[in-house]
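# Breakdown of the fold
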Amino acid sequence: MATLGIEGPFEQEQPLAPGELVWVQLGERDGYRDCAVAVTAAGSGDEGGTYVLRVEDVAVTCVHTWDGDIDYSAWHLGCNVRNVGDVAVQRWWVTVGVVHV
C-alpha cells in the first residue's frame, strides 16, 4: 500500500522576474529515500498579470558520511523554479508530495 505525505509550503520571498530561474534547496529528510516526489510551485503578488511558475530538474541526492564502519546517509531534495509568466512574482512557495510504495 502506498503512503502519501505533503511537506511545505516552503515560502520564498526572493522576487522572480519573468524568465528567471532559481535553485531551491528543500532540505534534508530520511523520507526522501526510496520514494517518488511531486513538486509544485505557486506565486502571489499585488501586481496584475499571470503568475506561472514551472518546476524543473528535481533532484534527490544522497550524501554519505562515514564514521568507521557506520554509514550516515543524508537525503536532500532540490529543484529549479522558473517564472514563465508575464510579471515578476514577489512571494512564492514550493510544496512537495512524497509517495512511498
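The rules behind these values
Sequence order sets the numbering: in each chain, residues are counted from 1 along the sequence as written. For a predicted model such as this one, the threshold for reporting local features is a pLDDT of at least 70, and the threshold for listing and counting side-chain atom pairs is 80 or more; totals across whole chains, interfaces and linings nevertheless cover every residue. Side-chain numbers come from the whole structure's heavy atoms, not from hydrogens or water. Each helix is a run of DSSP H or I of at least 4 residues and each strand a run of E of at least 2, with the numbering of both proceeding from the N terminus. As defined in this context, the radius of gyration uses C-alpha atoms, and a globule is described by 2.2 Å times the residue total to the power 0.38. Residues are treated as being in contact if the distance between any of their heavy atoms lies within 4.5 Å. Side-chain atoms within 4.5 Å are what join buried Ala, Val, Leu, Ile, Met, Phe, Trp, Tyr and Cys residues into a set we call a nonpolar core. Burial status follows relative accessibility: with a 1.4 Å probe on protein chains alone, a residue under 20% of its type maximum counts as buried, one over 50% as exposed, and anything between as partly exposed. The term polar contact refers here to a pair of N or O atoms within 3.5 Å; inside protein, the definition further demands a hydrogen-donor-capable atom paired with an acceptor-capable atom, and it admits residues adjacent in sequence only when both atoms are side-chain atoms. Pairing between strands requires that DSSP locate at least two bridges from one strand to the other. Axis lines are fitted through C-alpha atoms, for helices just across the contact stretch, and the angle between N-to-C directions can take any value from 0 to 180 degrees. Only one rule defines a salt bridge in this text: a Lys or Arg side-chain nitrogen within 4 Å of an Asp or Glu carboxyl oxygen.

## Things to note about the overall build of the protein
- Counting its secondary structure elements, the protein contains zero helices and six strands.
- The order of helices and strands in the protein, counted from the N terminus, is β-β-β-β-β-β.
- The C-alpha atoms of the protein give a radius of gyration of 16 Å, which is well past the 13 Å a tight globule of 101 residues would have.
- Considering only C-alpha atoms, the protein reaches an extent of 55 × 30 × 20 Å along its principal axes.
- Taking the intrachain contacts of the protein between residues at least 6 apart in sequence as the baseline, contacts between residues at least 24 apart amount to 76%.

## Topic: the nonpolar core
- Leu-26, Leu-53, Val-81, Trp-92, Val-94 and Val-96 are the most contacted members of the largest nonpolar core, which has 18 residues in total.
- Mapped onto this core, the elements with two or more residues apiece are strand 2 (21-28), strand 3 (36-44), strand 5 (70-83) and strand 6 (91-100).

## Remarks on the environment of Glu-11
- Mapped onto the secondary structure, Glu-11 falls in strand 1 (residues 3-12).
- Distance in space between the C-alpha atoms of Glu-11 and Thr-95 is 8.9 Å, their sequence separation being 84 residues.
- For Glu-11, the contacting residues outside a window of four places in its chain are Arg-91, Trp-92 and Trp-93.
- At 2.9 Å, the side chain of Glu-11 and the side chain of Arg-91 are in polar contact.

## Re the sheet that holds strand 6
- One open sheet holds the three strands; their spatial order is 1-6-3, and the pairing between them is antiparallel. Each edge of the open sheet carries a strand with a single partner, namely strand 1 and strand 3. Going from strand to strand, the sheet's axes swing by 15 degrees on average, the running direction of each strand aside.
- Taken together, the eight bridges between strand 1 and strand 6 define a ladder with antiparallel strand orientation.

## Some points on the pattern of salt bridges
- Applying the stated criterion across every chain, the model contains three salt bridges.
- Arg-54 is the salt-bridge partner of Glu-56, the closest N and O atoms lying 2.8 Å from each other.
- The shortest N-O distance in the salt bridge between Glu-56 and Arg-82 comes to 3.0 Å. Of this pair, Glu-56 sits in strand 4 (residues 53-67) while Arg-82 sits in strand 5; the two residues are 26 residues apart in sequence, bridging distant segments of the chain.
- Assessed through its relative accessible area of 23%, Arg-82 is described here as partly exposed.

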